[in-house]
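Structure at a glance
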Amino acid sequence: MNISRRNFVKIVPLGALIPQQLLSNLAEGNANGLLSPLLYKTIDEIYDQAIVFDGIIITRNWDGLSEEALKNSGYTGFNASLDSGSLKRALASLSDWHMRIKDNPHRFITAKSADDFIKAKKEAKVAVMMGFQNTTPLENSIDNMDILYQAGTRWMQLTYNERNLVGDGCTERTDAGLSDYGIAVVERMNDLGIIVDLSHCGQATTNDGIKFSKTSVSINHSMCEALHKNHPRAKTDQQIRAMADKGGVIGIISLGYMIGPNLGTETTLETYVDHIEHAVKVGGIDHVGLAADFAVQGLEATGATRQNWFEPRLSRFKPSYKVQWPPWIPELDTTDRYRHVARVLDKRGFRTEDIEKILGLNWLRFYQDTLKP
């Protein structure tokens, strides 16, 4: 890593930032200067020019405040976590977002490929990739995967915290890994081009997901077990390395209590960046991204209180989840959370191209590898 770029100009070669297969798609945009070799003076200029992608945003109760927050975020795109309660609810949630995108063509693009994120950046829009944090919408039928794919699904988490027919979640008493049915589900996801996500999966299910997937997998919102010991949602160095060896990406979750104990004292924005640095050290600079796991405007802005947010989770989640109040790292509970992250990365000496990879280009490369036209 080199010294900070503050107060001097650095030329960044485009070829170092974006896979060659994507460069041809930028020819038209280059005429307008988009993602062509750029002169950067400050980390804020770097952030403004970058493709910024959030590995997961919770989109229930999307409203005008969400729209305003998105405008201030600098996001190029995000994974929208939709209602996975049943097939009917999943399809309704997909339909709701398709309608929102249709009604706001100046604002949104439906993301089904890496090219859609490039298009969004060129047109100052936001690309939305739709998916689910559980395979419950399949309702025991792999054929429903085809229905969900045709309706726009492009990523799906194999399990939530509990066991389902696919495998064991991260807080399940047992740790049995993928079932035969689960392996068949992964195979169908691979065939269709639906991303296999392992964020809430148990240890054995995570290992099996990496092993049995024919394509790269994502861990789209998690953290490093090496830095936050004995948390069921964390991934081990071995898992991060295996995921990276297969071409995947881990998004470091912004939810504060997932990052470490004693928020505000031992656990801060610097701790969050520690997780990024550790994941880079273990998996490589090309395999780490960012993820919120809450509403785009942040938890406090959505009215989260001790009574309506913290206390219900004491019964909803097992004690191993180590839920804290307040649950956020202040700088990450803002709309421009990743600008704060970029500033810390810059101060720590990360190169411009590496900051841009973490902000979004790693996700872009991953989608180029895994999504089908």
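Let me begin by describing the structure that accompanies this report. (Residues numbered from 1 in each chain as written. Predicted model: local features only at pLDDT ≥ 70, side-chain atom pairs only at ≥ 80, totals over all residues. Heavy atoms only, no water.)

Notes on the pairing of strand S6 (residues 126-132)
- The buried fraction of S6 amounts to 7 of the 7 residues, a majority that puts the element mostly inside the structure.
- Burial along S6 is two-sided: the residues Val126, Val128, Met130 and Phe132 and Ala127, Met129 and Gly131 are all buried.
- With 6 bridges joining them, strand S4 (residues 77-82) and S6 adopt parallel strand pairing. Directly across from Ala80, in S6, lies its bridge partner Met130.
- Two strands pair when backbone bridges link them, and strand S5 (residues 108-110) and S6 are joined in this way by 3 bridges, in the parallel orientation. Across the sheet, residue Phe108 finds its bridge partner in S6, namely Val126.
- The parallel pair S5 and S6, bridged by helix H6 (residues 114-122), forms a crossover whose chirality is right-handed.
- Pairing geometry for S6 and strand S7 (residues 153-157), over 3 bridges, is parallel. From the neighbouring strand, Met130 faces S7, where its bridge partner is Thr153. (Buried < 20%, exposed > 50% of the residue type's maximum accessible area, 1.4 Å probe, protein only. Helix = DSSP H or I, 4+ residues; strand = E, 2+ residues; numbered from the N terminus. Pairing = 2+ DSSP bridges. Right-handed = clockwise from strand over helix to strand, strands pointing away.)

Some points on the packing of aromatic side chains
- For the structure shown, the criterion picks out 17 aromatic pairs.
- With centroids separated by 5.7 Å and ring planes inclined at 55°, the aromatic side chains of Phe53 and Trp363 adopt a geometry described as tilted. On the criterion of sequence distance, the pair formed by Phe53 in strand S3 (residues 53-58) and Trp363 in helix H15 (residues 352-370) is long-range, its members being 310 residues apart. Across the pair, Trp363 and Phe53 agree in class, each one buried.
- Ring centres of Trp363 and Phe366 lie 6.3 Å apart, and the angle between their planes is 70°; this geometry places the pair in the edge-to-face category. Of the two residues, Trp363 and Phe366 both sit in helix H15, 3 residues apart, roughly one turn of that helix.
- The exposure class of Trp363 is buried, given its relative accessible area of 1%.
- Through successive ring pairs, a cluster of aromatic residues spans Phe53, Phe117, Trp363, Phe366 and Tyr367. (Phe/Tyr/Trp six-rings, centres within 6.5 Å; stacked < 30°, edge-to-face > 60°.)

Remarks on helix H10 (residues 237-245)
- Of all the positions in H10, only Gln239, Ile240, Met243 and Ala244 are classed as buried. When H10 is viewed along its axis, its buried side chains cluster within an angular range of 130° and face the same direction. The exposed residues of H10 that point more than 90 degrees off its buried face are Gln238 and Asp245. (Arc of directions from axis to C-beta.)

Describing the environment of Arg306
- Its location among the elements puts Arg306 in helix H13 (residues 306-316).
- Owing to a relative accessible area of 39%, Arg306 belongs among the partly exposed residues under this scheme.
- Spatially, the C-alpha atom of Arg306 lies 9.5 Å from that of Pro327, the residues being 21 residues apart in sequence.
- If near-sequence neighbours (up to four positions away) are discounted, Arg306 is found in contact with Glu311 and Trp325. (Contact = heavy atoms within 4.5 Å.)

Examining the nonpolar core
- Counting 92 residues, the largest nonpolar core has Phe78, Tyr272, Ile276, Tyr338 and Val341 as its most contacted members.
- The element best represented in this core is helix H12 (residues 269-283), accounting for 7 residues.
- Each residue touching Phe78, except ones within four places of it in the same chain, is listed here: Phe53, Asp54, Ile57, Thr59, Trp62, Leu70, Trp97, Phe117, Val126, Ala127, Val128 and Met129.
- Counting 21 residues, the second-largest nonpolar core is a separate cluster that includes Ile51, Met129, Trp155 and Ala291. (Core = buried A, V, L, I, M, F, W, Y, C linked by side-chain atoms within 4.5 Å.)

So, to be careful, I would describe these as geometric facts and stop short of saying anything about function.
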